[in-house]
Amino acid sequence: MRFLELVAEHGSLSTAAEQLALSQPAATKMLQDLEAAFGAELVARNTRGAALAPAGLVALDRLRIALSALAAAAQSMEEAPPIPVVRLGVLPLVGVVALPKLLAAITERPDSPRLVVHESTVAGLLAMLSSGDLDCMVGRVGPDLEEPATSELLVTPLWDERLAIACALDHPVGRKRMVGLAELRELDWVVAPRGAHTRQVFEEPFLSAGILPPRAKVESFSFHTNLCVVTNSRLLTVAPESAVRHYAQLGMVCSVRHGISFPAGRTVFIMRKDMAASPSVMQIREDLISLMSSHSEY
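Caption draft 1: Summary view of the packing of aromatic side chains. Enumeration over the complete set of coordinates arrives at two aromatic pairs. Arranged with centres 5.5 Å apart and planes meeting at 70°, the rings of Phe-202 and Phe-206 form a pair that is edge-to-face. Note that Phe-202 and Phe-206 are positioned in helix α9 (residues 197-208) at a spacing of four residues, about one turn of the helix. Phe-206 matches Phe-202 in its accessibility class, with the two residues each being buried. Pairwise contacts between aromatic rings join Trp-189, Phe-202 and Phe-206 into one cluster.

Caption draft 2: Unusual backbone geometry, seen in detail. With a phi close to 60°, Ala-21 is a non-glycine residue in the positive phi region. Considering the arrangement of structural elements, one finds Ala-21 in the loop between α2 (13-19) and α3 (24-38). Using a relative accessible area of 72% as the deciding quantity, one classes Ala-21 as exposed.

Caption draft 3: Spotlight on the sheet that holds strand β7 (residues 163-167). With antiparallel pairing, three strands are arranged side by side in an open sheet as β10-β7-β11. What marks the edges here is a single partner per strand, and that holds for β10 (237-240) and β11 (254-255). Bridge count between β7 and β11: two bridges; the pairing is antiparallel. From the neighbouring strand, Cys-167 faces β11, where its bridge partner is Cys-254. Across the sheet, helix α10 (residues 223-231) lies against β7 and β10, angled at about 135° from β10, the strand it touches most. Against the sheet, helix α11 (residues 241-249) contacts β7, β10 and β11, and its axis sits at roughly 105° relative to β10.

Caption draft 4: Just the packing of helix α5 (residues 98-106) against helix α12 (residues 279-293), in detail. Running from N to C, α5 and α12 point in directions that differ by 120°, and their axes come no closer than 10 Å. What the angle tells us is that α5 and α12 run oblique. For the crossing formed where α5 meets α12, the hand is right-handed. Contact residues: Ala-98, Lys-101, Leu-102, Ala-105 and Ile-106 in α5; Ile-284, Asp-287, Leu-288, Leu-291 and Met-292 in α12. When grouped by side-chain class, the residues that make up the contact of α5 with α12 number eight nonpolar, no polar and two charged.

Caption draft 5: Focus on the sheet that holds strand β3 (residues 85-90). With mixed pairing, five strands are arranged side by side in an open sheet as β4-β3-β5-β12-β6. Each edge of the sheet is formed by a strand with only one pairing partner; in this case those strands are β4 (114-119) and β6 (153-161). Strand-to-strand twist across the sheet, computed as the mean angle between neighbouring axes with direction ignored, equals 20°. Pairing between β3 and strand β5 (residues 136-140): three bridges, direction parallel.

Caption draft 6: Geometry of α12. In a regular helix each residue adds 1.5 Å, so 15 residues correspond to 21 Å; α12 covers 21 Å between its end C-alpha atoms and thus fits that length. Residues Ser-280, Val-281, Ile-284, Arg-285, Asp-287, Leu-288 and Met-292 constitute the buried set of α12. End-on view of α12: buried residues confined to an arc of 165°, all on one side of the axis. In α12, the exposed positions angled more than 90 degrees off the buried face are occupied by Pro-279 and Ser-293. Buried-residue contacts for α12 involve β3, α5, β4, β5, β6 and β12 (265-272).

Caption draft 7: Structural view of the pairing of β5. With five of its five residues buried, β5 lies for the most part within the structure. Summarising the sheet, β5 and β12 pair through five bridges and their orientation is antiparallel. Residue Met-137 lies in a different strand from β12, and its bridge partner there is Ile-270.

Rules behind the numbers
Residues numbered from 1 in each chain as written. Predicted model: local features only at pLDDT ≥ 70, side-chain atom pairs only at ≥ 80, totals over all residues. Heavy atoms only, no water. Phe/Tyr/Trp six-rings, centres within 6.5 Å; stacked < 30°, edge-to-face > 60°. Helix = DSSP H or I, 4+ residues; strand = E, 2+ residues; numbered from the N terminus. Buried < 20%, exposed > 50% of the residue type's maximum accessible area, 1.4 Å probe, protein only. Pairing = 2+ DSSP bridges. Contact = heavy atoms within 4.5 Å. Axes fitted to C-alpha atoms, helices over the stretch in contact; angles between N-to-C directions. Parallel < 35°, antiparallel > 145°, perpendicular 65-115°, else oblique. Left-handed = near helix turned anticlockwise from the far one by under 90°. Nonpolar A, V, L, I, M, F, W, Y, C, P; charged D, E, K, R; others polar. Expected span 1.5 Å × (residues − 1). Arc of directions from axis to C-beta.

Pasting the structure below:
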């Protein structure tokens, strides 16, 4: 499987053989065995070297998940005795409450798996899940998830959460009982770039009321960065309620009282259907369901 991947990467049988420390005859024999097993030509030689034939491209596309699974298995064997590894993808918002609680829960059990955490966007996490580079993820339900979720993925709801508005502790708007859309429109903001889901949710109430959304003074994808920027500026920002609450408890920001009804976003646990046979992944899933269903802040 690795041989096919190397041929695709380098366009050369000899380079692929060198990468695997194989002689040319051994590599040729390996290719013959692979093609015999698949009953099709996998590699086509050309004047520039070699490239995967159509059947080879299809085979490699399917085998990438197996290659990732083999890498994860090898990683599990690094400990003595071997410890299962779960590769978990998360959105940044998961690191505020859910991930710390999950880590606290699993570290109390002697048989708990070792977590390898990857942080990215929803699209990035879904791509890693599809390629087999992740075993599971905690993300949002959106249009880019609905179609594959019905065929290849298992989706479990965890919690719903709305956006909140934050400002610096000494910002005048933080002392008001209520701030309306028109006033918020005139203030300076640091928000996610256009096209980001958070930006769309933030702008929708203004557009629905026939008001142009606030113009962003600063655009930044990370709500953690935006909340830190707000701490020492006259800018406002929007972030998940749990994040605003967390930074407010640290004495860094103030939550702005407003009459906007932001729609709630649903955070879910997602895994490929073939991972349902993994006790470690299923345990992570059950832990998250239990922890977040009993978490009163959501």
